[in-house]
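Residues per chain, in single letters:
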Amino acid sequence: MEIAQGVRRLGTSYINFYLIEEGGKLTLLDAGLPGYWKHLVRELESIGRRPEDIDAILLTHRHPDHVGLAERVRGISSAPAYAHELDAPAISSPKPGPMPKFLSQGWHPLLFKYLLHSVLAGAARHIPVAHLKTFADGEVLDVPGRPRVIHVPGHTAGQCALHLEARGVLFSADALCTVDGLTGRPGPTLPPEFVTDDSARALSSLSRLEGLEAGIMLPGHGEPWHDGVGEAVRLARQNWGANLIRAA
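Quick caveat: nothing in here was measured; it's all calculated off a predicted structure.

Before going further, it helps to spend a moment on the sheet that holds strand 10 (residues 169–173). Reading across the sheet, the 4 strands line up as 8-9-10-13 and stay open at both edges, with mixed pairing between neighbours. Pairing within the sheet leaves two strands with one partner each, and these edge strands are strand 8 (148–151) and strand 13 (216–219). If you compare each strand with its neighbour and ignore which way they point, the axes differ by 25° on average. Across 3 bridges, strand 9 (residues 160–164) lies against strand 10 in antiparallel orientation. Bridging across to strand 10, His163 finds its partner in Leu170.

Dropping the structure here:
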């Protein structure tokens, strides 16, 4: 469905990815899991388009739940695919990355449901992106939507948020989610530590987002946020601190 000017949300209750439309051209922002092909096709058909019509693919970071369809779309559309240079090698590598230690933060029913869903949707199938271009912090990309790149490392070394400045929309990737990945509690927060390279750095990276003029924030996981990025950052810090206290 369209959730902001020229922006459509795809995926499931677990994982989001997005389409950006500008001047009749399309950017795919993130690429879900391999099993999400039907979601992409259905959304494109609703606007009279096909996967072949996608003009660019932007990957916010290297994790499989954001990269799954990228190579399939690239192959059928010849659209260039982009990622930050620090995550690009892992996205293009024929070897899968290390598996997270899923139970390192304890047993949670939601986590089991997410893992089951992900496996059934092909998360275990590593599909490298054969040809990948790179983008850099601060770059305004010459693709439909012309998003500006904001490097927000921590979750991964090369994770980036993407800002549609003229539309007041921020794609926060997994730098800021709006659902707790362990409990399902709604509200801005960081992803669980077991899927994050460096949680302290992820927390520090929030400062790169809090001053942005964006009334709408679209995360990789969770519902759209309409109360401004600054408030989302404030609550994420608050919620993260509360989680640390509970863990202690």
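What follows picks up the thread again.
Moving on: the environment of Leu203. Examined against the element boundaries, Leu203 turns out to sit in helix 6 (residues 199–205). Given the relative accessible area of 29%, Leu203 is considered partly exposed. The sequence separation of Leu203 and Ala175 amounts to 28 residues, and the corresponding C-alpha distance is 8.4 Å. Apart from the residues lying within four places of it in its own chain, the contact partners of Leu203 are Leu190, Arg237 and Trp240.

Okay, helix 1 (residues 37–46) next. Residues of helix 1 that are buried: Trp37, His39, Leu40, Val41, Glu43 and Leu44. Against strand 2 (7–11), strand 3 (16–22), strand 4 (25–29), strand 5 (54–58) and helix 3 (70–77) lie the buried residues of helix 1.

Leu28, Leu40, Ile54, Ile57, Leu59, Leu69 and Val73 are the most contacted members of the largest nonpolar core, which totals 26 residues. Elements supplying a minimum of two residues to this core: strand 3, strand 4, helix 1, strand 5, helix 3 and strand 6 (81–84). Per element, the largest residue contribution to this core is 4 residues, and it comes from helix 1. Those residues in contact with Leu40, other than ones at most four positions away along the chain, are Leu10, Phe17, Leu19, Leu28, Ile54, Leu69 and Val73.

Attention shifts here to helix 5 (residues 109–120). At 3.6 residues per turn, the α-helix brings residues three or four places apart onto the same side. Taking 1.5 Å of rise per residue, 12 residues should cover 16 Å, and helix 5 covers 17 Å from first to last C-alpha, within 8% of that figure. Every buried residue belonging to helix 5 is among Leu111, His117 and Ser118, and all of these are buried. An end-on view of helix 5 places all buried positions within 130° of arc, on one side of the element. Exposed residues lying more than 90 degrees from the buried face of helix 5 are Pro109, Val119 and Leu120. Among the residues trailing helix 5, Gly122 stands out with phi positive, at a value near 95°.

What follows concerns a nonpolar patch on the surface. Taken together, Phe112, Leu116 and Leu120 make up a surface patch of nonpolar side chains, about 330 Å² in accessible area. Within the fold, Phe112 resides in helix 5.

Once that is clear, we can look at the packing of aromatic side chains. Overall, the coordinates contain 3 aromatic pairs when judged by the stated rule. Pairing Tyr14 with Tyr114 gives two aromatic rings, centres 5.8 Å apart and planes at 65°, and the pair type is edge-to-face. Of this pair, Tyr14 sits in the loop between strand 2 and strand 3 while Tyr114 is found in helix 5, placing the two residues 100 residues apart along the sequence. Its relative accessible area of 23% is what places Tyr14 among the partly exposed residues. Sitting over the face of the ring of Trp37, Arg72 holds its NZ or CZ atom 3.9 Å from the ring centroid.

A few words on the pairing of strand 6. Sheet analysis places strand 5 next to strand 6, joined by 2 bridges and oriented parallel. Across the sheet, residue Leu58 finds its bridge partner in strand 6, namely Tyr82.

So, how was this worked out
- Residues numbered from 1 in each chain as written.
- Predicted model: local features only at pLDDT ≥ 70, side-chain atom pairs only at ≥ 80, totals over all residues.
- Heavy atoms only, no water.
- Pairing = 2+ DSSP bridges.
- Helix = DSSP H or I, 4+ residues; strand = E, 2+ residues; numbered from the N terminus.
- Axes fitted to C-alpha atoms, helices over the stretch in contact; angles between N-to-C directions.
- Buried < 20%, exposed > 50% of the residue type's maximum accessible area, 1.4 Å probe, protein only.
- Contact = heavy atoms within 4.5 Å.
- Core = buried A, V, L, I, M, F, W, Y, C linked by side-chain atoms within 4.5 Å.
- Expected span 1.5 Å × (residues − 1).
- Arc of directions from axis to C-beta.
- Patch = residues over 30% accessible without salt bridge, like charges linked within 9 Å, V, L, I, M, F, W, Y side chains within 5 Å.
- Areas by Shrake-Rupley, 256 points an atom, 1.4 Å probe, with all protein chains shown as cover.
- Salt bridge = Lys/Arg side-chain N within 4 Å of Asp/Glu carboxyl O.
- Phe/Tyr/Trp six-rings, centres within 6.5 Å; stacked < 30°, edge-to-face > 60°.
- Lys NZ or Arg CZ within 6 Å of the ring centre and 35° of its normal.

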